[in-house]
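One-letter residues, chain by chain:
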Amino acid sequence: MEGEKEALEMAEVFFDGTFRLRVLEEEKYKDTERLAEEATSFTSKMGQFQDTVQKLVEGMNRHASRIESAKLKALGQRNRVESEKESRKIRAAELQSQINEKRAQLERLQQQLASLQKVDKEQRAIIEKLGNNEP
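How each quantity is defined
- Residues numbered from 1 in each chain as written.
- Predicted model: local features only at pLDDT ≥ 70, side-chain atom pairs only at ≥ 80, totals over all residues.
- Heavy atoms only, no water.
- Helix = DSSP H or I, 4+ residues; strand = E, 2+ residues; numbered from the N terminus.
- Buried < 20%, exposed > 50% of the residue type's maximum accessible area, 1.4 Å probe, protein only.
- Salt bridge = Lys/Arg side-chain N within 4 Å of Asp/Glu carboxyl O.
- Expected span 1.5 Å × (residues − 1).
- Patch = residues over 30% accessible without salt bridge, like charges linked within 9 Å, V, L, I, M, F, W, Y side chains within 5 Å.
- Areas by Shrake-Rupley, 256 points an atom, 1.4 Å probe, with all protein chains shown as cover.

Side note on the overall build of the protein chain
Per the secondary structure count, the protein chain includes two helices and two strands. Counting the 135 residues in the protein chain, one finds 1% classified as buried.

Let's talk about the pattern of salt bridges
Throughout the structure, instances matching the rule amount to five salt bridges. Ionic pairing is found between Lys71 and Glu68, a salt bridge with its closest N-O pair at 3.6 Å. Of this pair, Lys71 and Glu68 both sit in helix α2 (residues 26-131), three residues apart, which is roughly one turn of that helix. Its relative accessible area of 45% is what places Lys71 among the partly exposed residues. One salt bridge connects Asp120 with Arg124, and the closest N-O pair in it is separated by 3.0 Å.

Digging into α2
One turn of an α-helix holds 3.6 residues; hence residues three or four places apart share an orientation. Here α2 is 106 residues long and its end C-alpha atoms lie 153 Å apart, about the 158 Å a rise of 1.5 Å per residue gives. Trailing α2 by a residue or two, Asn133 shows a phi angle of about 55°, which is positive.

Let's talk about a nonpolar patch on the surface
Among the surface-exposed residues, Phe42, Met46, Phe49, Val53 and Val57 lie close enough to one another that they form a single nonpolar patch of about 450 Å² accessible area. With respect to the element layout, Val57 can be found in helix α2. Looking at Val57, the relative accessible area reads 39%, which means it is partly exposed.

Listed below in structure tokens is the structure:
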């Protein structure tokens with residue numbers, strides 16, 4: 001009971017310019033209303049800021065995913081180029097091997113032709129001798 005009595009004694013009551021009963025002085029009441037308006041304005045601005053930041057983050061995430069996609073595509077192309085280089089080296093080696101085989105075969109055939117031409121020449125000479133009845 002005494003605590004309530006002391007609270008009532010400490011409580012101050014004021015009248016504003018229109019003679020309304022107030023618990024705060026008119027100036028403090030106006031300050032409180034202005035503070036409430038500023039807080040509302042600040043909250044609104046913070047909401048707008050959060051929206052802007054959210055949009056920025058989403059844009060950055062989209063951009064990052066496009067960059068990542070382009071990076072992966074570039075890596076794939078680089079791997080294909082390296083693979084193509086290797087396959088071309090292998091193909092060149094295979095073709096060179098075929099060229100060497102064909103050259104060796106050509107050389108053998110030329111030697112065989114030369115040998116056959118020599119035999120042909122010798123046989124024609126023998127036939128000529130026999131045709132002329134030369135012993």
